[in-house]
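What follows is each chain in one-letter form.
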Amino acid sequence: RRRSARGSRMRPKLLRVVIVADGALARQRLLDLLGRESGVEIAGVADDGNAAVDAIRELAPDLVFLDIQMPGMSGLEVAQQVNGRCHIAFVTAYDAYAVSAFEQGAVDYVLKPFNQERLSTTVERLKERLSGSPPAIDLARQRMSGSRPKCSHANMAPVRPKPVCTSSRIRNAP
């Protein structure tokens, strides 16, 4: 724990969370499970896309647990509307939107039914992101794009492609 100049203990910053789901059972499940998480404060709850945008603008949460299919506007549309105001973890029964969610910059994509352990993983993932720890995805993106991460080892030999056998010919892998 941190101490102020006077020596009294300061509370660690709570992670402010907004829950957005059109189903009452899903909202209540999220409230129950996130209420058990250390360092999490439930700042608000919304039940449709329009109310979600308003809540995010008014409450300035760190993280929003956001359903995908809702009345008014979808979770993906909400994410576009509030782009950059908070981190988003999508919570849905549909895996078909995962790529779109991560293209929106989602912290996580949680499939229903979920449990305490799964939500704890999402909360920890955001805490790591907020602490400045680089997400592992950055290195994967660098590798996929062909760019090389900076290396401090000046004497490292370049990696040569391994031969690949096709039919009776051998060629270098692309």
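Rules used in this analysis
Position numbers for residues count from 1 along each chain, tracking the sequence in the order it is written. Given that the model is predicted, a residue must reach a pLDDT of at least 70 before its local features are reported, and side-chain atom pairs must reach 80 or more before they are shown or counted; all residues, however, enter totals for whole chains, interfaces and linings. Side-chain numbers here rest on the full set of heavy atoms in the structure, without hydrogens or water. Helical segments are the DSSP runs of H or I of at least four residues, strand segments are the runs of E of at least two, and each set is numbered from the N terminus. Note on contacts: a residue pair is in contact if any heavy atoms of the two residues lie within 4.5 Å. As a per-residue measure, pLDDT tells how confident the predictor is, with possible values from 0 to 100. Here a polar contact is recorded for every N or O atom pair within 3.5 Å, except that within protein the pair must consist of a potential hydrogen donor and a potential acceptor, and residues adjacent in sequence are included only if both atoms are side-chain atoms. Nonpolar core, defined: a set of buried Ala, Val, Leu, Ile, Met, Phe, Trp, Tyr and Cys residues in which side-chain atoms within 4.5 Å join the residues together. For every residue, the accessible area (1.4 Å probe, protein chains only) is compared with the maximum for its type, and the residue is labelled buried under 20%, exposed over 50%, or partly exposed between those bounds. Here the arc refers to the directions that run from the helix axis out to each C-beta atom. Note on pairing: two strands pair once DSSP finds at least 2 bridges between them. Axis definition: a line fit to C-alpha positions, over the contact stretch in the case of helices; interaxial angles, taken between N-to-C directions, run 0 to 180 degrees. A pair is scored as a salt bridge if a Lys or Arg side-chain nitrogen falls within 4 Å of a carboxyl oxygen belonging to Asp or Glu. Classification remark: right-handed applies to a crossover when, strands pointing away from the viewer, the course from the first strand over the helix to the second runs clockwise.

**With respect to the environment of V123**
- With respect to the element layout, V123 can be found in helix α5 (residues 116–130).
- For the pair V123 and V17, spaced 106 residues apart in sequence, the C-alpha to C-alpha distance is 9.7 Å.
- When residues no more than four places from it in sequence are discounted, the contact partners of V123 are L15, L34, E37, V40 and F65.

**A look at the confidence of the model for the chain**
- Scored by pLDDT, the chain comes out at a mean of 79, with 69% of its residues at no less than 70.
- Note that residues 1–8 has pLDDT below 50 and, in this model, 10 contacts with residues that lie over four places away or in other chains.
- Confidence over residues 148–174 falls short of pLDDT 50; this stretch has 15 contacts with residues more than four positions distant or in other chains.

**A few points about the side chain of T92**
- Along the chain, T92 falls in strand β6 (residues 87–92).
- Polar contacts involving the side chain of T92 include one to the main-chain amide nitrogen of Y94, which spans 3.1 Å.
- Apart from residues lying up to four places away in sequence, T92 is in contact with D67, I68, Y109, V110, L111 and K112.

**Comments concerning the nonpolar core**
- In terms of nonpolar packing, the biggest core is built from 22 residues, with V20, V64, L66, V78, I88 and F90 touching the most fellow members.
- Within the second largest apolar cluster, 17 residues are counted, among which are L30, A89, V91 and L126.

**Topic: helix α2 (residues 49–59)**
- Of the residues making up α2, those classed as buried are G49, A52, V53, A55 and I56. Down the axis of α2, the buried set is contained in an arc of 165°. They therefore lie on one face.
- Buried residues along α2 sit in contact with β3 (15–20), β4 (40–46), β5 (63–66) and α3 (75–81).
- Regarding α2, its N-cap is D48, as a side-chain oxygen of that residue lies 3.0 Å from the backbone nitrogen of N50 further along.
- Phi turns positive, to about 45°, at A60, one or two residues after α2.

**A short note on the sheet that holds β5**
- The sheet built from 5 strands is open, its strands ordered β4-β3-β5-β6-β7 with parallel pairing. Where the open sheet ends on each side, the last strands, each with one partner, are β4 and β7 (108–111). Averaged over all pairs of adjacent strands, the angle between strand axes in this sheet comes to 20°, irrespective of strand direction.
- Seen against the sheet, α5 touches β3, β4, β5, β6 and β7 and runs at an angle of roughly 175° to β7.

**With respect to the pattern of salt bridges**
- Taken as a whole and assessed by the stated rule, the structure comprises 6 salt bridges.
- Of the charged contacts in the structure, one is a salt bridge between R16 and E41, with a shortest N-O distance of 3.5 Å. Of this pair, R16 sits in strand β3 while E41 sits in strand β4, placing them 25 residues apart in sequence.
- Judged by its relative accessible area of 30%, E41 is partly exposed.
- Of the charged contacts in the structure, one is a salt bridge between D67 and K112, with a shortest N-O distance of 3.6 Å. Residue D67 is found in the loop between β5 and α3, and its partner K112 is found in the loop between β7 and α5; the two are separated by 45 residues along the sequence.

**A look at the pairing of β3**
- Most of β3 sits out of view: 5 of its 6 residues are buried.
- Where β3 lies against β4, 6 bridges are found, and the strand directions are parallel. Across the sheet, the residue bridging to V18 is G44, located in β4.
- As a crossover connection, the stretch from β3 through helix α1 (residues 24–35) into β4 is right-handed.
- Direction of pairing for β3 relative to β5: parallel, over a ladder of 4 bridges. Among the inter-strand pairings, I19 is bridged to a residue of β5, identified as F65.

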